[in-house]
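Now for the letters of each chain:
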Amino acid sequence: MQSLLCVANGVDSGAEETALRALIVYVVVLLLLRTAGKRTMADVTTFDLVLLLIISEATQQSLLGDDFFLTTAALVIATLIALDRLADYLSYRWPFFSKSTSSRPMVVMADGKVLPDRMRKTQLKESDTLQAARESHGLGSLDQTKYAVLETSCGISVTLRT
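Keep in mind the model is a prediction, meaning the values are calculated, not measured. Here the residue numbers are simple positions, counted from 1 along each chain's written sequence. Side-chain atom pairs in this predicted model are given and counted only at pLDDT of 80 or more, local residue features only at pLDDT of at least 70, and totals for whole chains, interfaces and linings cover all residues. Each side-chain value is worked out from all heavy atoms of the structure, with water and hydrogens disregarded.

### Description of the pairing of strand β3 (residues 145-150)
Then step 1. Sheet topology places strand β1 (residues 106-110) next to β3; four bridges connect them, and they run antiparallel. Its bridge partner lying in β3, Met 106 is registered against Leu 150.
Then step 2. Examined bridge by bridge, β3 and strand β4 (residues 156-160) share five bridges and lie antiparallel to one another. Following the sheet pairing, Thr 145 is matched in β4 by Leu 160.
Then step 3. Hairpin connection between β3 and β4: a loop of five residues separates the two successive antiparallel strands, and Cys 154 in this loop has a positive phi of roughly 75 degrees. By this definition, two strands are paired if DSSP reports at least two bridges between them. In this description a helix means any DSSP run of H or I spanning at least four residues, a strand means any run of E spanning at least two, and both kinds are numbered starting from the N terminus.

### Observations regarding the nonpolar core
Then step 1. Residue types Ala, Val, Leu, Ile, Met, Phe, Trp, Tyr and Cys, when buried and joined through side-chain atoms within 4.5 Å, form a set referred to as a nonpolar core. Using a 1.4 Å probe on the protein chains alone, a residue whose accessible area is under 20% of its type maximum counts as buried, one over 50% counts as exposed, and one in between counts as partly exposed. One finds Val 108, Met 109, Met 119, Leu 124, Ala 132, Ala 133, Leu 139, Leu 142, Ala 148, Leu 150 and Val 158 forming the largest nonpolar core, which totals eleven residues.
Then step 2. Mapped onto this core, the elements with two or more residues apiece are β1, α8 (126-137) and β3.
Then step 3. Listed in part, the ten residues of the second largest apolar core include Ala 36, Leu 51, Ala 58 and Leu 80.

### Things to note about the environment of Ala 74
Then step 1. With respect to the helices, strands and loops of the structure, Ala 74 is situated in helix α5 (residues 70-93).
Then step 2. Each C-alpha atom, one on Ala 74 and one on Ala 58, is 8.4 Å from the other, the two residues being 16 residues apart in sequence.
Then step 3. Excluding residues within four positions of it along the chain, Ala 74 makes contact with Val 28 and Leu 32. Contact criterion: two residues are considered in contact whenever any of their non-hydrogen atoms come within 4.5 Å of each other.

### Observations regarding unusual backbone geometry
Then step 1. Although it is not a glycine, Asp 111 sits at a positive phi angle of roughly 50 degrees.
Then step 2. Inspection of the secondary structure puts Asp 111 in the loop between β1 and β2 (113-114).

### Remarks on the packing of helix α2 (residues 15-36) against α5
Then step 1. Remark: α2 packs on α5, axes separated minimally by 10 Å, with the N-to-C direction vectors making an angle of 15 degrees. Between α2 and α5, the interaxial angle falls into the category roughly parallel. The interaxial crossing formed by α2 with α5 has right-handed handedness. Counting all contacts with α2, which are made through Arg 21, Ile 24, Val 25, Val 28, Val 29, Leu 32, Leu 33 and Ala 36, the residues of α5 involved are Leu 70, Ala 74, Ile 77, Ala 78, Ile 81 and Arg 85. Only the stretch in contact is used when a helix axis is fitted, and all axes are lines through C-alpha atoms; the angle between N-to-C directions ranges over 0 to 180 degrees. Roughly parallel refers to an angle under 35 degrees, roughly antiparallel to one over 145, roughly perpendicular to one between 65 and 115, and oblique to any angle outside these ranges. In this scheme the crossing of two helices becomes right-handed for a clockwise turn of the near helix relative to the far one and left-handed for an anticlockwise turn of less than a right angle.

### Quick word on the side chain of Thr 129
Then step 1. Inspection of the secondary structure assignment puts Thr 129 in helix α8.
Then step 2. Beyond its immediate stretch of four places on either side in the chain, Thr 129 contacts Val 108, Met 109, Met 119, Leu 142, Ala 148, Ile 156 and Val 158.

### Examining a nonpolar patch on the surface
Then step 1. The grouping of Leu 83, Leu 86, Tyr 89, Tyr 92, Trp 94 and Phe 96 at the surface amounts to a nonpolar patch, some 740 Å² of accessible area in total.
Then step 2. If you tally residues by element for the nonpolar patch, the top one is α5, at four residues.
Then step 3. Positionally, Leu 86 belongs in helix α5. Here a patch means residues that are over 30% exposed by relative accessible area and free of salt bridges, tied together within 9 Å if like-charged and within 5 Å if nonpolar (Val, Leu, Ile, Met, Phe, Trp, Tyr). Areas reported as accessible are Shrake-Rupley estimates using a 1.4 Å probe. Residue values count occlusion only from the protein chains shown. In what follows, salt bridge is the name for a side-chain nitrogen of Lys or Arg lying within 4 Å of a carboxyl oxygen of Asp or Glu.

Below is the structure:
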């Protein structure tokens, strides 16, 4: 019990405490991510990746015991996940919130023709669209493509001509 208190208070005295720290951090992160729900990792956006990096930094600090208490790490991680879930809820509940905080899909190719201004704006190359067409439909050229859309998840969806 004394080891657990030392770990929670940021005191590290060896391998036993390091292993205990790892166990505690693992359980805390596991419980928080399970509580947050499956939607959290369904579509990883750029912001989700940044959030994940911040969480990993808090986790790393608490694992190494660099004067960073486990309780502080748990609080930081829980707060970040709660804020992310709150933003998801607000986006679900009020569409105007979603419009202001999320990107929108953008058509980058219409009727088989590349839209150069949109390609430039999104910094896509024609080869990116061709790659998506090849991966999703096995196409060798964009001639058979009706639409290409840059999705909010940063993937490109391709619709074929009929």
